[in-house]
Amino acid sequence: LLNVGQGVLYAEASNELVEFAELTNIPVLTTLAGKSAFPETHRLALGTGASSGTLMVDHFLKKSDFLLGMGTSFTISNFNAPMPPGVTLAHSTNCAEDLNKDYRVAYGAVGDAALVLRQMIDEVKRQIGEHGRGDVNGVVDEIQKVRESWMAEWGPRLRSDEVPINPYRVISELAGSVDVSETIITHDSGYPREQLVPFWQPVTPRGYMGWGKSTQLGTGLGLAMGAKLAAPDKQVVNIMGDAAFGMAAMDIETAVRSEIPITTVIFNNGVMTHYTAHMPQASERWGSNKLGGHYAKVAEGLGAYAEQVTTPDQVRPAIQRALSANQTGQPAVLEMLTKEEETVPRYW
């Protein structure tokens, strides 16, 4: 396996990564920060292994006998899929202090990811030829079969007609409404992150911004505005929970005043999901886990195009209207009244 981190994005080495993976026919998973370094529609893509992740990542981690970390720190964290015990590890990083920091590795290389990958490509071609080794072990078919099994399990949520709306349905409708190759997406921490990460399939480097190896709420909104300023031709989308919107919503006015046309999607389920477990007494006595308010009206009052969406059949039309507002230079906020969905793909 190849476990790819943010160093590949810093090195702008996605082309080299794809070439090396194709020559060697090695499946690729990414860390949260490395997501989008490898196109997730590629036949060798397993998706992301973070605090949530895909069945494909889990399946191949369990059967791997050799794993190369490329441009990752190999840090043990709740936000990273753990490396399987007893597997031979190799590690390429531009930071020597990362080597053997959390995992003992058999092989290490210190260098820029693009340079190291180019050297590896040259060596593969020297050993087995310009065209690589092909799919000699049926890896591509195996990935596809595991993906089909995974989607058989999760597809009903992505297509759900539940009211309140299932947040997975919103993610699916969003992916079908934008040109993913021309979109930059981010999210806030917590359940919006855990729900989006496994199912959003970026195809271009930095089409996804995976800042969320931390838990401060509201960060995604500022990052989305920065992304739009840096890449004004891209469609930029920010997904927030209602608690995150409560922390940072006044900066919608910043986007309006500064003419930064992003779309913010709020998953509003009226609670801080799962916080009854963290603060049971405060939740029972004071309702401290509960949230209220008509957030679309707040956003409208701040000058954004805003809608509250209550049924799944209205999700895609509302997204299209928000994108049209962005085309005129107006930020948009869509308040999706969603269910409290605590089921996320976790395998480790």
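The rules behind these values
- Residues numbered from 1 in each chain as written.
- Predicted model: local features only at pLDDT ≥ 70, side-chain atom pairs only at ≥ 80, totals over all residues.
- Heavy atoms only, no water.
- Phe/Tyr/Trp six-rings, centres within 6.5 Å; stacked < 30°, edge-to-face > 60°.
- Helix = DSSP H or I, 4+ residues; strand = E, 2+ residues; numbered from the N terminus.
- Buried < 20%, exposed > 50% of the residue type's maximum accessible area, 1.4 Å probe, protein only.
- Pairing = 2+ DSSP bridges.
- Axes fitted to C-alpha atoms, helices over the stretch in contact; angles between N-to-C directions.
- Contact = heavy atoms within 4.5 Å.
- Parallel < 35°, antiparallel > 145°, perpendicular 65-115°, else oblique.
- Left-handed = near helix turned anticlockwise from the far one by under 90°.

1. Regarding the packing of aromatic side chains
We describe a pair of aromatic rings using the distance from one ring centre to the other and the angle between the two ring planes.
Part 1 of the argument: Applying the stated criterion across every chain, the model contains seven aromatic pairs.
Part 2 of the argument: Ring centres of Trp154 and Phe199 lie 5.7 Å apart, and the angle between their planes is 50°; on these two criteria the pair is classed as tilted. Within this pair, whereas Trp154 is found in helix H5 (residues 139–158), its partner Phe199 is found in helix H7 (residues 191–199), the two being separated by 45 residues in sequence.
Part 3 of the argument: You can call Trp154 buried: its relative accessible area is 2%.
Part 4 of the argument: Following the ring pairs from residue to residue traces out a cluster consisting of Trp150, Trp154, Tyr168 and Phe199.

2. Overview of the sheet that holds strand E11 (residues 332–337)
Part 1 of the argument: A sheet is described by the order of its strands in space; here five strands give the open sequence E7-E8-E9-E11-E10, paired in parallel fashion. The open sheet is flanked by strand E7 (183–187) and strand E10 (305–309), the only strands paired with a single partner. Averaged over all adjacent pairs, the angle separating strand axes in this sheet is 15°, with direction ignored.
Part 2 of the argument: Across five bridges, E10 lies against E11 in parallel orientation. Bridge pairing in E11 links Ala306 to Val333.

3. Considering the pairing of strand E5 (residues 88–93)
Part 1 of the argument: Of all the six residues making up E5, five are buried; the element is thus mostly covered by neighbouring parts of the structure.
Part 2 of the argument: Where strand E4 (residues 66–70) meets E5, five bridges bridge the pair, whose relative direction is parallel. When the bridges of E5 are listed, Gly69 appears paired with His91.
Part 3 of the argument: With four bridges joining them, E5 and strand E6 (residues 107–110) adopt parallel strand pairing. If you follow Thr93 over to E6, its bridge partner there is Val110.

4. What about the sheet that holds E5?
Part 1 of the argument: The parallel open sheet is built from six strands, whose spatial order is E3-E2-E1-E4-E5-E6. Every other strand in the sheet has two partners, leaving strand E3 (45–48) and E6 as the edge strands with one partner each. Mean inter-strand twist for the sheet, computed between neighbouring axes without regard to direction, equals 15°.
Part 2 of the argument: Relative to E4, strand E1 (residues 2–4) runs parallel, the two sharing three bridges. When the bridges of E4 are listed, Asn3 appears paired with Gly69.
Part 3 of the argument: Where helix H4 (residues 113–128) meets the sheet, it contacts E4 and E5, and its direction lies at approximately 140° from that of E4.

5. A short note on the packing of helix H2 (residues 14–24) against H4
Part 1 of the argument: At their nearest, the axes of H2 and H4 sit 9 Å apart, and the two run at 25° to each other. By the angle between their axes, H2 is roughly parallel relative to H4. In the packing of H2 onto H4, the handedness of the crossing is left-handed. Where H2 approaches H4, its residues Glu16, Leu17, Glu19, Phe20, Leu23 and Thr24 are matched on the opposing element by Ala114, Leu117, Arg118, Met120, Ile121, Val124, Lys125 and Ile128.

6. Details of H2
Part 1 of the argument: For H2, the buried fraction is high: eight of the eleven residues fall into the buried class.
Part 2 of the argument: Buried within H2 we find Ser14, Glu16, Leu17, Val18, Phe20, Ala21, Leu23 and Thr24.
Part 3 of the argument: Of the surrounding elements, those touching the buried residues of H2 are E1, helix H1 (6–10), strand E2 (28–30) and H4.
Part 4 of the argument: Once H2 ends, the next one or two residues include Asn25, with phi positive near 60°.

7. Focus: the side chain of Thr183
Part 1 of the argument: Tracing the chain through its elements places Thr183 in strand E7.
Part 2 of the argument: Those residues within four positions of Thr183 in sequence are excluded, and the remaining contacts are Val178, Trp200, Gly207, Lys234, Gln235 and Val237.

8. Considering the environment of Asp251
Part 1 of the argument: With respect to the helices, strands and loops of the structure, Asp251 is situated in the loop between helix H9 (242–248) and helix H10 (252–257).
Part 2 of the argument: A relative accessible area of 36% places Asp251 in the partly exposed class.
Part 3 of the argument: Through-space distance from the C-alpha of Asp251 to that of Ala81 is 33 Å; in sequence the pair is 170 residues apart.
Part 4 of the argument: Contacts of Asp251, omitting those with residues within four sequence positions, involve Leu221 and Met225.

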